[in-house]
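For reference, the chains in residue letters:
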Amino acid sequence: MDIFSKIAAGEIPSYKCAESDKFYAFLDINPLVAGHTLVIPRREVDYIFDMGDEEIAEYQVFTKKVAKAVKMAFPCKKVAQVVLGLEVPHAHIHLIPLQSEADADFRKAKLQLAEEEFKQAAAKIYSAFQSL
């Protein structure tokens with residue numbers, strides 16, 4: 001079981017933002033900006049484009065709802081959707097609140113947030129997700 005599967009299963013703590021029976025969203029612990037969220041399938045799959053058409057469609061619909069919640073919790077111009085995924089062999093989508101394109105530059109220094117800041121951010125997104 002990979003690290004993201006362990007997170008989705010609750011074996012490793014995370015800052016949960018949203019979940020369904022098939023997908024799980026949580027805060028990136030090395031965020032580019034406040035509200036930077038990861039969305040994963042609960043099923044272990046390394047490469048997003050190895051997912052079947054129906055599954056990837058469901059994944060995108062779930063991700064869209066999470067992105068709306070992120071935008072409600074962290075007002076921004078847009079929420080970027082970025083798929084990279086070489087560090088962890090589990091498909092994942094980064095949702096990044098954007099004020100400018102520079103907010104999605106993965107080469108820049110990551111934010112250092114206190115645990116309470118992570119908890120508050122996750123709670124804001126989770127509450128917004130529940131209201132949709």
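Anything mentioned here points back to the structure above.
Residues numbered from 1 in each chain as written. Predicted model: local features only at pLDDT ≥ 70, side-chain atom pairs only at ≥ 80, totals over all residues. Heavy atoms only, no water.

Quick notes on the overall build of the protein
When you go through the protein residue by residue, the secondary structure sums to three helices and five strands. The helix and strand sequence of the protein, counted from the amino end, reads α-β-β-β-α-β-β-α. Its C-alpha atoms give the protein principal-axis dimensions of about 35 × 35 × 25 Å. In the protein, buried positions account for 45% of the 132 residues. Excluding contacts between residues fewer than 6 apart, the proportion of contacts in the protein whose partners are at least 24 apart in sequence is 58%. Accessible surface for the protein amounts to roughly 7,400 Å². Of this, 54% is attributable to carbon and sulfur atoms. (Helix = DSSP H or I, 4+ residues; strand = E, 2+ residues; numbered from the N terminus. Buried < 20%, exposed > 50% of the residue type's maximum accessible area, 1.4 Å probe, protein only. Contact = heavy atoms within 4.5 Å. Areas by Shrake-Rupley, 256 points an atom, 1.4 Å probe, with all protein chains shown as cover.)

Examining the sheet that holds strand β1 (residues 16–19)
Taken together, the five strands give an open sheet; going across it, the order is β1-β2-β3-β5-β4, and neighbouring strands pair in antiparallel fashion. Since the sheet does not close on itself, it has two edges, and those belong to β1 and β4 (78–82), each with one partner. For this sheet the average axis-to-axis angle between neighbouring strands, irrespective of direction, equals 20 degrees. As paired strands, strand β2 (residues 23–27) and strand β3 (residues 37–41) are joined by five bridges and run antiparallel to one another. Within β3, the position partnered with Phe-23 by the bridge is Pro-41. Of the strands in this sheet, β1, β2, β3, β4 and β5 (93–98) are in contact with helix α2 (residues 53–73), which crosses β3 at around 160 degrees. (Pairing = 2+ DSSP bridges. Axes fitted to C-alpha atoms, helices over the stretch in contact; angles between N-to-C directions.)

So, α2
Here α2 spans 30 Å end to end across 21 residues, near enough to the 30 Å set by a 1.5 Å rise per residue. Taken as a whole, α2 has its buried residues at Glu-55, Ile-56, Tyr-59, Phe-62, Thr-63, Val-66, Ala-67, Ala-69, Val-70 and Ala-73. For α2, the angular spread of buried residues about the axis comes to 160 degrees, placing them on one side. Of the residues in α2, the exposed ones pointing more than 90 degrees away from the buried face are Asp-53, Glu-54, Val-61 and Lys-64. Looking at the buried side of α2, the elements it contacts are β1, β2, β3, β4, β5 and α3 (115–131). (Expected span 1.5 Å × (residues − 1). Arc of directions from axis to C-beta.)

Some details on the packing of α2 against α3
Packing of α2 against α3 brings their axes to within 8 Å, and their N-to-C directions diverge by 120 degrees. The angle between α2 and α3 falls in the class oblique. When you trace α2 past α3, the crossing you get is right-handed. Residues Phe-62, Lys-65, Val-66, Ala-69, Val-70, Met-72 and Ala-73 of α2 pack against Lys-124, Ile-125, Ala-128, Phe-129 and Ser-131 of α3. In terms of residue class, the contact of α2 with α3 is made up of nine nonpolar, one polar and two charged. (Parallel < 35°, antiparallel > 145°, perpendicular 65-115°, else oblique. Left-handed = near helix turned anticlockwise from the far one by under 90°. Nonpolar A, V, L, I, M, F, W, Y, C, P; charged D, E, K, R; others polar.)

Things to note about the environment of Met-51
Summarising the element assignment, Met-51 is placed in the loop between β3 and α2. Under the relative-accessibility criterion, Met-51 is labelled buried at 5%. Apart from residues lying up to four places away in sequence, Met-51 is in contact with Pro-41, Arg-43, Val-45, Ile-56 and Tyr-59.

Focus: α3
End to end, α3 covers 24 Å across 17 residues, agreeing with the expected 24 Å (1.5 Å per residue, within 8%). The set of residues buried in α3 consists of Phe-118, Ala-121, Ala-122, Ile-125, Ala-128 and Phe-129. The buried residues of α3 occupy an angular sector of 130 degrees when the element is viewed end-on, so they sit on one face. Packing partners of the buried residues in α3 comprise β1, β2, β3 and α2.

Read these as spatial facts, not as claims about activity.
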